[in-house]
Amino acid sequence: MITQKLYENDSYVKEFDAVVADCVPARQIFGSEMALPKAGAPGQAGGKAGAPDQAGGKAGAWAVELDRTAFFPEGGGQSADTGWLGEGRVYDVQIVDGRLWHCTDFHGEKGERVHGCLDWEQRFSNMQQHSGEHIFSGLVHRHFGYNNVGFHLGSQAVTMDFNGVLDAGDIQQIESQVNQAIVENVPIYVSYPDKEELENIEYRSKIQIDGQVRLITVEGWDVCACCAPHVARTGEIGLLKVTDFQKYKGGTRISILCGFRALKDYCRIQDELRCISRLLSAPFGQVAKAVERKLEENGQLRQKAVELTGQLIEKDIDAIAQGQENAWFFKENLEAPAMRRAVNLALEKVSGYAGVFGGSDSQGYKYIIGTKSGDARLLAAALKEKLGARGGGSPQMVQGSVTASRKDIESVLGDDLQG
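What comes next is a walk through the structure.

Criteria and thresholds
Residues numbered from 1 in each chain as written. Predicted model: local features only at pLDDT ≥ 70, side-chain atom pairs only at ≥ 80, totals over all residues. Heavy atoms only, no water. Helix = DSSP H or I, 4+ residues; strand = E, 2+ residues; numbered from the N terminus. Expected span 1.5 Å × (residues − 1). Buried < 20%, exposed > 50% of the residue type's maximum accessible area, 1.4 Å probe, protein only. Phe/Tyr/Trp six-rings, centres within 6.5 Å; stacked < 30°, edge-to-face > 60°. Lys NZ or Arg CZ within 6 Å of the ring centre and 35° of its normal. Pairing = 2+ DSSP bridges. Axes fitted to C-alpha atoms, helices over the stretch in contact; angles between N-to-C directions. Contact = heavy atoms within 4.5 Å. Core = buried A, V, L, I, M, F, W, Y, C linked by side-chain atoms within 4.5 Å.

**What about helix 2 (residues 120-144)?**
- Over its 25 residues, helix 2 runs 36 Å from end to end, which matches the ideal 36 Å to within 8%, given 1.5 Å per residue.
- In terms of residue burial, helix 2 counts as a mostly covered element, since 19 of its 25 residues are buried.
- Among the residues trailing helix 2, Gly145 stands out with phi positive, at a value near 80°.

Below, the structure is given as structure tokens:
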């Protein structure tokens, strides 16, 4: 049978009554139970009282087909609606082999009437995002000729992949125009043109459509083939904000948020900035400058620490006896030039090997090891074999990094030299 899809002509159907056409264990339709929600998920209402536990008592144990539904199934990059059938939670909705199935706790008999209720907050949020995406993609196509070749609308992020490069200025221009369309509050409507009418309509489509085409028209802004629910007017989108963009597969991936999701994200960012403002004792509007000053101060302090550590290690080298066999130094706040200088100074006094390890047990160490009488590569190989170190070099000097404790490093160096 073909389920009547109530959302196709009225996106605002929140509740509906339907008749159960079929009910089977969910694993038959949705795959293994590992892919289903775990029992005890938030909002789980449990199955119908007295229903047989054929699917092992898991949440979402049943796949239910209805004669009519307002639930939108996953498709076209958009996640499925969720909600309730009777007292059972609906976790997922999919079209499998032309049949529309609800993954749910509800177990119904064929012919039984059931009341459906959508999670309207999720549905309306998806409508806001999708309608905003249509306008954005339409404007990119109009101004730059690029197509949206990848779209994902999940519970958090909304991403669009365009087959061309857009820079920050281009994106800001499109974002501004989308919000202008939102302010104008123009109608968004659904139409089903016949083949003759369709030949005279310019519209966007990601795929070749053989059957009836469903068009979503944003009056004056965009016309696009689409199967999903949309808001009735652009004003209901609220606003659109680009949150990120990056080069992707020769084109551009853009992340957006619309409506309440954008507002929630803005509130989150404000909270973080307010917290940073308090930590830095800086006015809310001058956080960036305050951070810049702190980074500059930290850089100066770090450089001073490096210089002081370099001086300390040189004093340690002065204290070793001339002709000592080996010398190992472990210090924090050491950079490569200071480490190399320290190794060269130590080699003037030792007869075997000298090594400097900069770092800590918790973060790991970078090292430089030198010798005038042996082969430093042997020690690098021992550190690699026993502690997973990385690095290499010449017989006279090697350098690398190792994630291990000082005790373990000294043990490896001592064992290898004794061997």
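**Details of unusual backbone geometry**
- At Asp97, a residue that is not glycine, the phi angle is positive and equals roughly 55°.
- If you trace the backbone, Asp97 turns up in the loop between strand 6 (88-96) and strand 7 (99-104).
- Using a relative accessible area of 76% as the deciding quantity, one classes Asp97 as exposed.
- The residue Lys249 is not glycine, and still its phi comes out positive at about 50°.
- For Lys249, the location among the structural elements is in the loop between strand 14 (240-248) and strand 15 (251-258).
- A relative accessible area of 75% places Lys249 in the exposed class.

**Some points on the packing of aromatic side chains**
- In the structure shown here, the tally under the stated rule is nine aromatic pairs.
- Clustering of aromatic rings is evident, with ring pairs tying together Phe330, Phe357, Tyr365 and Tyr367.
- Across the ring face of Trp84, the terminal group of Arg89 is positioned such that the distance to the ring centre comes to 4.5 Å.

**Description of the sheet that holds strand 15**
- Judged by pairing direction, the sheet is antiparallel, and its four strands sit side by side in the order 9-10-15-14 without closing on themselves. Every interior strand has two partners, whereas the edge strands, strand 9 (148-153) and strand 14, have only one. Ignoring which end each strand starts from, the neighbouring axes of this sheet average 20° apart.
- Relative to strand 15, strand 10 (residues 158-162) runs antiparallel, the two sharing five bridges. Directly across from Met160, in strand 15, lies its bridge partner Ile254.
- Across the sheet, helix 3 (residues 168-184) touches strand 14 and strand 15, and the angle it forms with strand 14 is around 150°.

**Section: the nonpolar core**
- Residues Ile135, Phe136, Val178, Leu240, Ile254 and Ile256 are the most contacted members of the largest nonpolar core, which totals 34 residues.
- Elements with a minimum of two residues in this core: helix 2, strand 9, strand 10, helix 3, strand 12 (215-218), strand 14 and strand 15.
- Per-element tally for this core: the top contributor is helix 2, with seven residues.
- Beyond its immediate stretch of four places on either side in the chain, Leu240 contacts Gly132, Phe136, Glu175, Val178, Asn179, Ile182, Ile256, Leu257 and Cys258.
- Judged by nonpolar contacts, the second largest core, of 20 residues, contains Phe16, Ala61, Leu85 and Leu118.

From the geometry alone we can't say anything about function, so treat these as descriptive.
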